[in-house]
Amino acid sequence: MFAGFSASSLRLDDTTIFARVGGTGPPLLFLHGFPETHLMWRDIAAALAPRFTVVAADLRGYGQSGCPVSSSDHSPYAKRAMAVDMVQAMKQLGFERFMVAGHDRGGRVAYRLALDHPNAVSRIAVLDVIPTAAAWDRADARLTLGFWPWSLLAQPEPLPERLIGAAPDAVVDNAIGQWGSSAKIFSQEVRDAYVDALRDPAHIHAICEEYRAAATIDREHDALDQANGRRIECPLLALWSGEGGLENWYTQEGGPLAIWRKWADRVEGRAVQGGHFFPEEYPGKTAALLSEFFEDK
């Protein structure tokens, strides 16, 4: 996996960020979701490396990245803090301005990057997400039962930490087998890597803090931006699972594109084949859609 890519552990102000870098062309940052790591982009990175300088990074608290100490308001794990990480990391790699694609949790960091650092981000793609505040405002039994980490991992410590730590393999197996994609698409090597990433207590706590931030301070940041009329200025591509919740839950208000158009001026996108993990399920199709968008000048 990631043949021809270099591996770097980048020292930032208050943490380290692990990233793999490879390819030639304009810089394109990839950010993963839960319970994945940067490994989720392995096939897409290889497909796009001939046309882009691909950076696949682990978010703070995930994978091989650092786990800074949190606080009572969970702000060290807010998407705002994670966005700062990526700006600093890309600068260390020599990129002042770049494009970014994020799936799941990474999609939330991606749109926060575009809001907080418009001079650094030229285009963004968000995969199988709507904005965090928008998701919480529309939350019901479907979200709570369909994507249980939203509510379970946001519970006060130490309950979720103890549950994950007791059975990290069950957490991964439930996610990859129950969120619309077939578990068969994940090799044993990849599945084991995701399980191993959930064995360390410091990373487990950090991931729970990230979910707690999403339930609290991230919502506050989003609400303040909406109240102040802050919008995403760069072009935005939204892709979502044609077999998942985003395809079906928000039809009465025009679907995910209508929701994103409340946040961004230039929005395009579509449903794609596959479940929640469609970038790993159909990497060729996903890579083609991303390449078309990021190459469009």
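Residues numbered from 1 in each chain as written. Predicted model: local features only at pLDDT ≥ 70, side-chain atom pairs only at ≥ 80, totals over all residues. Heavy atoms only, no water.

Peer 1: Teacher, can you tell me more about the sheet that holds strand E6 (residues 121-127) here?
Peer 2: Sheet strands line up and pair through hydrogen bonds in the backbone, either parallel or antiparallel. Spatially, the 8 strands line up as an open sheet ordered E1-E2-E4-E3-E5-E6-E7-E8, and their pairing is mixed. Two strands in the sheet have a free side with no partner beyond their single neighbour: strand E1 (6-11) and strand E8 (267-272). Averaged over all adjacent pairs, the angle separating strand axes in this sheet is 20 degrees, with direction ignored. Of the strand pairs in this sheet, strand E3 (residues 27-31) and strand E4 (residues 53-57) are connected by 5 bridges, and their pairing is parallel. Across the sheet, the residue bridging to Leu 28 is Val 54, located in E4. Lying on the sheet, helix H15 (residues 283-295) is in contact with E3, strand E5 (98-103), E6, strand E7 (236-241) and E8; it crosses E6 at an angle near 155 degrees. (Pairing = 2+ DSSP bridges. Helix = DSSP H or I, 4+ residues; strand = E, 2+ residues; numbered from the N terminus. Axes fitted to C-alpha atoms, helices over the stretch in contact; angles between N-to-C directions. Contact = heavy atoms within 4.5 Å.)

Peer 1: Explain the packing of helix H7 (residues 159-166) against helix H10 (residues 201-215) here, please?
Peer 2: Two measures define how a pair of helices packs: the angle their axes make with one another and the distance between the axes. Packing of H7 against H10 leaves a shortest axis separation of 9 Å and a crossing angle of 135 degrees. Taken as axis vectors, H7 and H10 run oblique relative to one another. As H7 runs across H10, the sense of the crossing is right-handed. When H7 is examined against H10, the residues Pro 160, Glu 161, Ile 164 and Gly 165 are found in contact with a partner set consisting of Ile 204, His 205, Cys 208 and Arg 212. Looking at the contact of H7 with H10 residue by residue, the class counts come to 4 nonpolar, 2 polar and 2 charged. (Parallel < 35°, antiparallel > 145°, perpendicular 65-115°, else oblique. Left-handed = near helix turned anticlockwise from the far one by under 90°. Nonpolar A, V, L, I, M, F, W, Y, C, P; charged D, E, K, R; others polar.)

Peer 1: Can you walk me through H10 in this structure?
Peer 2: Owing to its 3.6 residues per turn, the α-helix aligns residues three or four sequence positions apart on the same side. Taking 1.5 Å per residue as the helical rise, H10 with its 15 residues ought to reach 21 Å, and the 21 Å between its terminal C-alpha atoms agrees with that figure. Taken across its 15 residues, H10 has 12 buried, putting it largely inside the fold. Those residues of H10 that fall on the buried side of the exposure criterion are His 203, Ile 204, Ala 206, Ile 207, Cys 208, Glu 209, Glu 210, Tyr 211, Arg 212, Ala 213, Ala 214 and Ala 215. Where the residues of H10 are buried, they touch helix H2 (79-92), helix H3 (105-116), helix H4 (132-137), helix H6 (149-152), H7 and helix H11 (217-228). (Expected span 1.5 Å × (residues − 1). Buried < 20%, exposed > 50% of the residue type's maximum accessible area, 1.4 Å probe, protein only.)

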